[in-house]
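Structural overview for review
Each chain, letter by letter, is given below.
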Amino acid sequence: MGNITPTMVVLALIAVLIIILIIAILKYLNFKFHIHNDDFHLATGIINKDNTIIPKSKIQNVYIKQNFLQQIINVVSVKIETAGDKKSEIEISALDKPTALLLKKKLFNRATSTSGEPEPKDALEEPEVFFKVTPKRLFLEGLSQNHFKSFLLIFTFSFGLYSEFKDFLKELELEKHVEGIVELDEATILRLIITNVIIVVVVVLISFLFSIVKTFIINFNLEVVEHQKTVEINKGLFNKVSLSLTPSRIQNLVITTNRIKQYFGLHTLSVKQAMVNVKQQKNFNIVALEKEQLNYLVNKLITNYNENQGELAKPKPYYMRISALEMLVFGSVINGLSLAIFGIQMLWINTVFLPLAALYIYFAYKKAYYKISENFVTIGSGVIDTTTNILEIHKIQGVKLKQTIFQKPRDIASLVISTASKSVTIPYISKQEALTIYNFLLYKVESQDRDWM
């Protein structure tokens, strides 16, 4: 160790940097891609050469992303995805934007159709900006979000800070003020309640602000561009994203709204594709749509859907018992934490919780429904938000009938319907009805000569 000099350390660092530079240059020189007929070819590797070939027909999305650093140096990253894995099969980390857009365009233009005739190319049609969000609608979207998650996040963060700094607060002798709570008079109780209400109001306001800022950052400059065969989504402030939706690749559509959103005429359309990264899946959302725009996009992405198709049916009232049990467990946790942290005086929280629990049970059952038509399954759910799941029957991958030991004596079952992107459940219906739907869906899937992609 005594023989190592600063000069030797500097020379070693320089050698490491030179090696890293050489490896980077060799990777760059050996990274080549091209399109031949209807195939995308990628060659990588220095010692071990890898050649990847992806048919255009198997590509379900070309995802262009530009983070804050990439915006500064004016490059983008390109991800090419098929339904084969949850991560991108191919990722090009640094590409100039015009080349990336040209690559994306060529990947979605097939040289020939299955009949051997040339397909019409998007180059011949002028893309149309179908929808562009305004700052006002983005603000209303953020304002009308379901803030319960934000509230819980901020409350948990605040409770975590309190736990971390509890010893520090004790050193400030704040416990002397807490000891006074043992002998409570009416004025002290009133001040305590007012203080707690103020804290809750502040947390609620912060959760509102958090939701609005988050909505602006994610959906900044959101626009939906309509091409001949695809729908393109562009959005983002710090992370700009651009992706194309091809109808044949879509597995599920999810429509979300609530009473406040409906008042402002706001709807969110979420698109689910097979084997897409969960974090990336959040970019497949189009927010602040008007009802007419929503209906147009739904019919653009899935053909001949009519929300009035099929007979509306609801789960059995057993659904309400399960919701009541969920609220009982949640209420027990809330009361236990309140007693442990603040003492018996915090039991007043039940005057707020009990009415909210009753509303939860009522709306959970009211919004739960399902409709089975000739070609589609539509399932509704929600409490604060109203969620509508739409899936095409020919894209169903599996159907499973579930029945717990508690459901069996009541002759009740649930039906789990799976596509390549997610599973949806028709909960707590009669076993006979579940078997009828089960057999119908299997028959439709097996008898239709249509691919799921």
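Keep in mind that this is a model prediction, so the values were computed, not measured.

**Re the sheet that holds strand β6 (residues 90–95)**
Across the sheet, seven strands lie side by side as β6-β5-β4-β10-β9-β8-β7; this open sheet has antiparallel pairing. Only two strands of the sheet have a single neighbouring strand rather than two, namely β6 and β7 (128–132). This sheet shows a mean twist of 20° between the axes of neighbouring strands, independent of strand direction. Direction of pairing for β7 relative to strand β8 (residues 223–226): antiparallel, over a ladder of four bridges. Among the inter-strand pairings, F131 is bridged to a residue of β8, identified as V224. Running at roughly 130° to β7, helix α11 (residues 291–301) makes contact with β7, β8, β9 (231–235) and β10 (240–245) of the sheet.

**Some remarks on the pattern of salt bridges**
The tally for this structure, following the rule as stated, stands at seven salt bridges. Between E223 and K132 there is a salt bridge, with its nearest N and O atoms 3.7 Å apart. Within this pair, whereas E223 is found in strand β8, its partner K132 is found in strand β7, the two being separated by 91 residues in sequence. Judged by its relative accessible area of 42%, K132 falls in the partly exposed class.

**So, the nonpolar core**
Grouped together as the largest cluster of nonpolar side chains are 31 residues, with contacts concentrated most on F131, L245, L253, L269, I286, V298 and L301. Looking at this core, the elements that each hand over two or more residues are α4 (135–143), β9, β10, β11 (250–257), β12 (267–273), β13 (285–289) and α11. In this structure L301 touches V231, L245, P247, I250, L253, L269 and V271, once residues within four positions along its chain are discounted. Core analysis: the next-biggest nonpolar cluster, separate from the first, contains 16 residues, I396, A413, L415 and I426 among them.

**A word on unusual backbone geometry**
Phi is positive for N37, close to 55°, though the residue is something other than glycine. Along the chain, the position of N37 falls in the loop between β1 (32–36) and β2 (39–44). Look at A288: it is not a glycine, yet its phi comes out positive at around 60°. Under the relative-accessibility criterion, A288 is labelled buried at 0%.

Analysis parameters
- Each chain carries its own residue numbering, running from 1 in the written order of its sequence.
- Local features in this predicted model are restricted to residues whose pLDDT is 70 or higher, and side-chain atom pairs enter the listing and the counts only when it is 80 or higher, whereas totals over whole chains, interfaces and linings include all residues.
- Where side-chain values are given, they derive from all heavy atoms of the structure, hydrogens and water being excluded.
- Only when DSSP finds a minimum of two bridges between them are two strands counted as paired.
- Helix and strand assignments come from DSSP, with helices taken as H or I runs of at least 4 residues and strands as E runs of at least 2, each series counted from the N terminus.
- Note on method: axes are straight lines fitted to C-alpha atoms, helices fitted across the in-contact stretch only, with angles between N-to-C directions ranging 0 to 180 degrees.
- The contact criterion used throughout is that any non-hydrogen atoms of two residues lie within 4.5 Å.
- A pair is scored as a salt bridge if a Lys or Arg side-chain nitrogen falls within 4 Å of a carboxyl oxygen belonging to Asp or Glu.
- Each residue gets one of three labels from its accessible area relative to the maximum for its type: buried under 20%, exposed over 50%, partly exposed in between, using a 1.4 Å probe on protein chains only.
- As used here, the term nonpolar core means buried Ala, Val, Leu, Ile, Met, Phe, Trp, Tyr and Cys residues forming a set that is joined through side-chain atoms within 4.5 Å.

Functional significance is not addressed by these values, which are geometric in nature.
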